[in-house]
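Observations on the three-dimensional arrangement
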Amino acid sequence: MTILQTKNVNIYYGEKQAVKSVSMDITRGTVNALIGPSGCGKTTFLRALNRMHDLTPGARVEGDIILDGQNVYSGDIDPVVIRRRIGMVFQKPNPFPTMSIFENVTSGLKLVGVRDQRTLMEVAERSLRQAALWDEVKDRLKTPATGLSGGQQQRLCIARALAVEPEILLMDEPTSALDPQSTARIEDLMGDLKKVTTIIIVTHNMQQAARVSDTTSFFLNGDMVERGATSDIFTSPRDERTEAYVTGRFG
Ligand SMILES: Nc1ncnc2c1ncn2[C@@H]1O[C@H](COP(=O)(O)OP(=O)(O)OP(=O)(O)O)[C@@H](O)[C@H]1O
């Protein structure tokens, strides 16, 4: 079942067009990779999905982005609510530095007025388990998040995003600042995460896309050249530009 649909999405920075007429249907409970060479528009497209460009001066998004039947850009929708329904994990782990592990995970719930300690604790445990971090932090929930390793901080950011039960989780190169072991842990996590949410991930790492995703979209110069089942994109792409990229001939 389709959870998110984009129709002819064009994105501009001032006069410059960074994304050209991208249409795609994202199926609930899948992992969807966006790949392509540097500057091809992957991050720009990803950030349009939950209205992050509202905060970028000069950025303009045209076309339709429809979440569960509702246009994300419709005038009567609060972008804050959209960003709760479509969460985001960034390239560099960004836990709130003055908060404890527990406060980080529960920060989104507190913002919407949840105060009951038992509820907060239940959600913290559930989210930290989903992010495969619970066992490592359960005895030090009240200690600063900055005391965690980079890989643990990124899993904390995943837990923080999951705590508000987003329908979609956007991940912008979530492992590019991590060592191979932490990267492997997060890749292992993806298969479980799609049981609770739908993932759209930008990655530079083609092996990662091949390992974790169900569908892959190949971007080039702002165009989405090709999208399909990940196995097809990597073994029998239809477009010669996709083939050149996935076989490492450019990019
Ligand atoms: N805030 C901005 N203002 C102006 N131009 C921008 C801005 N952000 C990105 N661009 C330009 O838009 C184009 C697409 O950039 P984008 O970051 O989406 O590419 P990308 O595929 O994610 O690249 P990378 O893999 O290097 O992150 C590039 O030409 C980039 O220089």
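For the structure given in this document, a descriptive report is provided here. (Residues numbered from 1 in each chain as written. Predicted model: local features only at pLDDT ≥ 70, side-chain atom pairs only at ≥ 80, totals over all residues.)

1. Overview of the site of the ligand
As a matter of local geometry, the ligand sits amid Tyr13, Ala18, Gly36, Ser38, Gly39, Cys40, Gly41, Lys42, Thr43, Thr44, Thr56 and His204. With 3 residues, helix α1 (residues 42–49) is the largest single contributor of residues to the shell around the ligand. A class-by-class count of the residues in the shell around the ligand yields 3 nonpolar, 8 polar and 1 charged. (Near = placed C-beta within 6 Å. Helix = DSSP H or I, 4+ residues; strand = E, 2+ residues; numbered from the N terminus. Nonpolar A, V, L, I, M, F, W, Y, C, P; charged D, E, K, R; others polar.)

2. Quick look at the packing of helix α3 (residues 101–111) against helix α4 (residues 117–130)
Following both chains from N to C, one finds α3 and α4 inclined at 110°, their axes separated by 9 Å at the closest point. By the criterion of interaxial angle, the relationship of α3 to α4 is roughly perpendicular. Two packed elements cross with a definite hand, and for α3 against α4 that hand is right-handed. Contact residues: α3 offers Phe102, Val105, Thr106 and Leu109, while α4 offers Leu120, Val123, Ala124, Ser127 and Leu128. Tallied by class, residues from the contact of α3 with α4 come to 7 nonpolar, 2 polar and no charged. (Axes fitted to C-alpha atoms, helices over the stretch in contact; angles between N-to-C directions. Parallel < 35°, antiparallel > 145°, perpendicular 65-115°, else oblique. Left-handed = near helix turned anticlockwise from the far one by under 90°. Contact = placed C-beta atoms within 7 Å.)

3. Let's talk about the environment of Val246
Along the chain, the position of Val246 falls in helix α10 (residues 240–246). Between the C-alpha atom of Val246 and that of Gly29, which follows or precedes it by 217 residues, the distance is 25 Å. Setting aside its immediate chain neighbours within four residues, Val246 contacts Met206, Ile233, Phe234 and Pro237.

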